[in-house]
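Coordinate inspection notes
Read off the chains here:
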Amino acid sequence: MKKTVDVIFTGLIRNAELIKKSMKDFIQLSKKAIVSQIIFSTWVCEVKNNPEIVSFLKDNSAIILANKEPKFRGFGNINCQMKALEEGLKKVRSPFILKTRADIYIDPSFLEHLFKNKEKLLKIKLNLPNG
């Protein structure tokens, strides 16, 4: 099997059912040895205010990161978004990463196809001189 993918979710917990649906799909990809880790990087207040979804994530072996929000949020909350991603990246083990959001859903058949064929589809060249 080709190298696995780590998945980083970032953002607010707006729709618990959508997160559960996505998680179930990623868990199935994990069982197929396609996804290695599922990381959920959000804010301390989100973790405190959503114990049910946090419990669901933990029960399904997701890594939960409860980050402190930056004091200066930035235009369009860019600093918050970058902080959540930065903290998630610190936990990554795989050379391939899917960064997604907690409020979107991606069809699992598309993800499986992408992950299984990532080197070809993304035109990744192995053995680069600086890699």
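Note that this is a predicted model, so its numbers are computed, not measured.

1. Quick notes on the nonpolar core
Counting 25 residues, the largest nonpolar core has Ile19, Met23, Phe26, Ile38, Leu57 and Phe115 as the members making the most contacts within it. Contributing elements (two or more residues each) for this core: β1 (5-10), α1 (16-31), β2 (35-43), α3 (51-59), β4 (96-101) and α5 (108-116). The leading source of residues in this core is α1, at five residues. Setting aside chain neighbours within four positions, we find Ile38 in contact with Val7, Phe9, Met23, Phe26, Ile27, Ser61, Ala62 and Ile63.

2. Side note on the packing of α1 against α5
At a minimum axis distance of 10 Å, the contact between α1 and α5 shows a crossing angle of 35°. By crossing handedness, the relation of α1 to α5 is classed as right-handed. Where α1 abuts α5, its residues Asp25, Phe26 and Leu29 lie against Pro108, Leu111, Glu112 and Phe115. Residues of the contact of α1 with α5, tallied by class, amount to five nonpolar, no polar and two charged.

3. Quick word on the confidence of the model for the chain
Scored by pLDDT, the chain comes out at a mean of 89, with 92% of its residues at no less than 70. Element-level pLDDT for the chain is lowest in helix α6 (residues 118-121), with a mean of 86, against a maximum mean of 96 in β1.

4. With respect to the packing of α1 against α3
With their axes 10 Å apart at the nearest point, α1 and α3 run at an angle of 5° to one another. The orientation of α1 relative to α3 falls into the category roughly parallel. In contact with Ala16, Ile19, Lys20, Met23 and Lys24 of α1, α3 contributes Glu52, Ile53, Phe56 and Leu57. A breakdown of the residues in the contact of α1 with α3 according to their chemical character gives six nonpolar, no polar and three charged.

5. Examining the packing of aromatic side chains
Evaluated as defined, the whole model comprises two aromatic pairs. With a centroid separation of 5.6 Å and an interplanar angle of 90°, the aromatic rings of Phe9 and Phe26 are classed as edge-to-face. A residue pair is termed long-range when its members are at least 10 positions apart, and Phe9 in strand β1 and Phe26 in helix α1 qualify at 17 residues. Judged by relative accessible area, which is 4%, Phe26 ranks as buried.

6. As for the environment of Leu111
Examined against the element boundaries, Leu111 turns out to sit in helix α5. Residue classification places Leu111 among the buried positions, given a relative accessible area of 2%. Placed 44 residues apart in sequence, Leu111 and Asn67 show a C-alpha to C-alpha distance of 27 Å. Every residue in contact with Leu111, bar those within four places of it in the chain, is listed here: Phe26, Leu29, Leu98 and Ile106.

Conventions used here
- Residues numbered from 1 in each chain as written.
- Predicted model: local features only at pLDDT ≥ 70, side-chain atom pairs only at ≥ 80, totals over all residues.
- Heavy atoms only, no water.
- Core = buried A, V, L, I, M, F, W, Y, C linked by side-chain atoms within 4.5 Å.
- Buried < 20%, exposed > 50% of the residue type's maximum accessible area, 1.4 Å probe, protein only.
- Helix = DSSP H or I, 4+ residues; strand = E, 2+ residues; numbered from the N terminus.
- Contact = heavy atoms within 4.5 Å.
- Axes fitted to C-alpha atoms, helices over the stretch in contact; angles between N-to-C directions.
- Left-handed = near helix turned anticlockwise from the far one by under 90°.
- Nonpolar A, V, L, I, M, F, W, Y, C, P; charged D, E, K, R; others polar.
- pLDDT = per-residue confidence, 0-100.
- Parallel < 35°, antiparallel > 145°, perpendicular 65-115°, else oblique.
- Phe/Tyr/Trp six-rings, centres within 6.5 Å; stacked < 30°, edge-to-face > 60°.

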